[in-house]
Protein chains: 2
Amino acid sequence: MAGRGSLLVAQSGGATAVINASLAGVVRAAQESGRFATIIGARHGVDGILSESFVDLGRQPAAVIDGLLHTPSAALGTTRRRLTEETAAQAVATLARYDVHAVAYIGGNDSADTALRLAAAARDVGYDLRVVSVPKTIDNDLPGTDHCPGYGSIARFIALAARDAALDTAATAALYPVKLIEVMGRNAGWVAAAAALGQTDEGDGPHLIFFPERPPRDLYALLHEIRAAYDRHGQVVAVVPETLKDASGRPLSGEDLSWTDPFGHRYYPGPGPALTRAIEEHLGLRARFDKPGTIARMFAACVSTVDRQEAYEVGVAAVRLLLAGDSQVMVTIERLSDAPYAATTGAIPLTRVANQERHLPDAFIGLDGRSVTDAFRTYALPLIDGPLPPYARLLDLPLSRA
Amino acid sequence: MAGRGSLLVAQSGGATAVINASLAGVVRAAQESGRFATIIGARHGVDGILSESFVDLGRQPAAVIDGLLHTPSAALGTTRRRLTEETAAQAVATLARYDVHAVAYIGGNDSADTALRLAAAARDVGYDLRVVSVPKTIDNDLPGTDHCPGYGSIARFIALAARDAALDTAATAALYPVKLIEVMGRNAGWVAAAAALGQTDEGDGPHLIFFPERPPRDLYALLHEIRAAYDRHGQVVAVVPETLKDASGRPLSGEDLSWTDPFGHRYYPGPGPALTRAIEEHLGLRARFDKPGTIARMFAACVSTVDRQEAYEVGVAAVRLLLAGDSQVMVTIERLSDAPYAATTGAIPLTRVANQERHLPDAFIGLDGRSVTDAFRTYALPLIDGPLPPYARLLDLPLSRA
């Protein structure tokens, strides 16, 4: 088997419900190619390379690899460590000792950076190393790809959850008129926007979606919007990203609730608690908040089947690119048509990906800044196996008095 | 059609993912009996009776009633209003005007109280009124029944969510070692306990489940337990009920975070934010919290099919009891066997239900006070369509060095 070199695969960044499907795609494609001496899994991304914490993926039972398609989180473990020039050189030395000439690195923006640094360090010492990045992020904020594996599944969860939570508020609006749903999404509104995907009728919640791309001027402007929506609908379900800031960049989670974390970073809790309190105190409206948090990112029982399949396919595509001699590229998803939905994989140079963020385009945000457009629905519904199955509504049939 | 009298049905208390299945059961059974002139739905529980806000359920298209089986929240709307002697008399007068002699009231502890007050007020004026309570509560804290419709579905969601969220922490423990999952459950630990139902192996999270029945002595005792679990597992996933109090009855959400709500009640936010901060500040461990909130109570895409079926059947049983002349009883679920799971419906006098709470029995709580017993698993797994489908785990296969 010697002479063919080994493939190393690793996972990085926040885990998702389908990141293991990409791992399965890499392993299956590598096995079927017969071109790798060993298929090495590094535990916890670059940490595993640096500490030589490896697992043999090529010898796993077939049932384990199949099971990865339905198992959330990162089976290899993940990391958020970024390589320095020094650690990149150390990592390449380790890869050389294990005869690894091909790396598939599954992750988000940070992993594109890692892949580039590995490639640069290999070039510096004249070592033949191909590195391909396999996209993964629920934030959907990687440039150069129609969307990112992981997004479809959190978007499906948030669409389902927001629809159900809004129905809850509709049934009890007299007592609890305001509900906030705090969602992930870093600096982009992709996840928040998904909360609109279960709406079918005028007036259906969520009534306000706050996008990082359209920050409220300040807390009082936000409260004013809540009040206006309440006056209009008699209830308000509002979606607030966990990193929501006001127009001047101040976190809306409330300065007084922030603290310094064990790593010395200022930590702002999500805006749910502070906004809930502000709505009660300033508007006199009972408010509560839901914060599905990591559950939304990981919930495996309701993944988008499109997302799972694509997550698998980008893993397969990464191996094909490596075998073709490609390097320093990220696999992309290229949409061929909306209806019926069809897509294929492509590739983009990593230099165009690393440390970039793709925000929600203007065309996807309603003119009011708090809703989505039909263009967004057309974009997102295929990614969540949508439209969602419809719910029943009682017809407003009056009694024929006896 | 006159002379047969009408049936009125209403929904009360917190909505659930399956409360509309009970409504469907009532309507279907009433239609099939052919014994009611009209099937009246009251909007928002007793509020709808008092304001004569009614909808004709007997004339709804069959597809609407069928659709209720898959539609969460209370289709009729709900309320938390309790009847006084005066409003009960007023409600009975209204029922008499609509020739209603049978009421099926779907709800939790409060609705049992409402049903009793309606029956008493009818008796006072010599009006023939039968009232049957249809159990509904995710808190599972109604006495006299093996379990409550709504519990199986939130328990299934929490079991799935806790398993996935724990896998997330396992993949990133080096960076985020502590996760809290804040759950509902009022004063009983039934919902919290469900977080253990996805565990299969020793060491699987959640590592600590705090039950209202086993309060920590104080905040510092709780922090000590978190620290000890971290030392043992290198990570901690802990489940904390939203109403968690210490042994002296003080809410663990932090006095300084509480406020007075618009109704003049002191409101304590759930303990998630305060405990997260305390863990970071006192233990130096990065912590985050998930709070699925109303999403867990309402999430319709993953309901327990056993729960949905039983929610329907208690609705059917209520109509049968009313037709047999029963009154002032609550429908119960009586378990016949655990494996295979089998249950039937029964009835219990409302006087034994109203304003009572059933806590998690000692036999269901592990000796450490932070885990569940096999007896609980035997009890709860059939209610969540369990066991959950297994996940894949990579085998720890070392590389055969080239």
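Residues numbered from 1 in each chain as written. Chains lettered and ligands numbered in written order. Predicted model: local features only at pLDDT ≥ 70, side-chain atom pairs only at ≥ 80, totals over all residues. Heavy atoms only, no water.

**Observations regarding the domain arrangement of chain A**
Residues and elements named next belong to chain A.
Move 1: When the domains of chain A are assigned, the result is domain 1 (6-138 + 303-352) and domain 2 (152-183 + 185-241 + 243-290 + 360-384).
Move 2: One C-alpha centre belongs to domain 1, the other to domain 2, and the line joining them spans 34 Å.
Move 3: Contacts between the two partners involve 12 residues from domain 1, matched on the other side by 11 residues from domain 2.
Move 4: Taken over both partners, the interface formed by domain 1 and domain 2 buries close to 930 Å², and the fraction arising from carbon and sulfur atoms is 52%.
Move 5: Seen at the junction of domain 1 and domain 2, the total is 0 salt bridges.
Move 6: Each residue belonging to the side of domain 1 that touches domain 2 can be placed in one class, and the counts come to 6 nonpolar, 3 polar and 3 charged. (Domains from an automatic or database assignment. Contact = heavy atoms within 4.5 Å. Buried area = accessible area lost by both parts, 1.4 Å probe. Salt bridge = Lys/Arg side-chain N within 4 Å of Asp/Glu carboxyl O. Nonpolar A, V, L, I, M, F, W, Y, C, P; charged D, E, K, R; others polar.)

**Observations regarding the relation of the copies chain A and chain B**
Move 1: Mapping chain A onto chain B is achieved by rotating through 180° and translating by 0.0 Å along the same axis, at an RMSD of 0.0 Å. Accordingly, the operation relating the two chain copies is best matched by a two-fold axis.
Move 2: Both copies share a contact surface, since 100% of the interface residues of chain A are interface residues in chain B too. (Least-squares fit on C-alpha atoms with pLDDT ≥ 70 in both.)

**Notes on the nonpolar core**
Move 1: Grouped together as the largest cluster of nonpolar side chains are 85 residues, with contacts concentrated most on Phe-376 of chain A together with Phe-376 of chain B.
Move 2: Contacts of Phe-376 of chain B, omitting those with residues within four sequence positions, involve Tyr-151, Trp-190, Ala-193, Ala-194, Leu-197, Leu-360 and Phe-364 of chain B.
Move 3: Leu-208 and Leu-223 of chain A together with Leu-208 and Ala-229 of chain B belong to the second-largest nonpolar core, a separate cluster that totals 40 residues. (Core = buried A, V, L, I, M, F, W, Y, C linked by side-chain atoms within 4.5 Å. Buried < 20%, exposed > 50% of the residue type's maximum accessible area, 1.4 Å probe, protein only.)

**Quick word on the sheet that holds strand S7 (residues 208-209) of chain B**
Residues and elements named next belong to chain B.
Move 1: Strands sit in the order S7-S8-S6-S11 across an open sheet of 4 strands; the sheet is parallel. In this open sheet, the two strands that pair with only one neighbour each are S7 and strand S11 (287-290).
Move 2: As defined by bridge partners, strand S6 (residues 178-183) adjoins S11 across 4 bridges and the pair is classed as parallel. Each residue of the ladder has a partner; that of Lys-179, found in S11, is Arg-288.
Move 3: Each of S6, strand S8 (236-241) and S11 touches helix H6 (residues 151-171); the most contacted strand, S6, lies at about 165° to it. (Pairing = 2+ DSSP bridges. Helix = DSSP H or I, 4+ residues; strand = E, 2+ residues; numbered from the N terminus. Axes fitted to C-alpha atoms, helices over the stretch in contact; angles between N-to-C directions.)

**With respect to the sheet that holds strand S3 (residues 54-56) of chain B**
Residue and element names in this part refer to chain B.
Move 1: Taken together, the 7 strands give an open sheet; going across it, the order is S3-S2-S1-S4-S5-S12-S13, and neighbouring strands pair in mixed fashion. The open sheet is flanked by S3 and strand S13 (342-349), the only strands paired with a single partner. In this sheet, neighbouring strand axes are inclined to one another by 30° on average, regardless of whether the strands run parallel or antiparallel.
Move 2: Note: strand S1 (residues 6-11) against strand S2 (residues 39-42), 3 bridges, orientation parallel. Its bridge partner being in S2, Leu-7 is matched across the sheet by Ile-39.

**Considerations on the interface of chain A and chain B**
When the parts come together, some accessible area is lost, and that loss is often what is quoted as the size of the interface.
Move 1: Each partner contributes residues to the interface: chain A has 83 residues there, and chain B has 83 residues.
Move 2: Around 7000 Å² of area is buried between chain A and chain B when both sides are counted, 64% of it from carbon and sulfur atoms.
Move 3: Among the residues chain A hides against chain B, the three largest losses belong to Trp-259, Leu-394 and Leu-399 of chain A. Together they make up 11% of the total.
Move 4: At the boundary of chain A with chain B, the tally comes to 6 salt bridges.
Move 5: Notably, a salt bridge pairs Asp-396 of chain B with Arg-43 of chain A, separated by 3.3 Å at the nearest N-O pair.
Move 6: Those elements giving two or more residues to the side of chain A that touches chain B turn out to be strand S3 (54-56), helix H3 (62-68), helix H6 (151-171), strand S6 (178-183), helix H9 (272-283), strand S11 (287-290) and helix H10 (294-298) of chain A.
Move 7: The element contributing the most residues to the side of chain A that touches chain B is H6 of chain A, with 9 residues.
Move 8: Its residues assigned to classes, the side of chain A that touches chain B shows 45 nonpolar, 17 polar and 21 charged.

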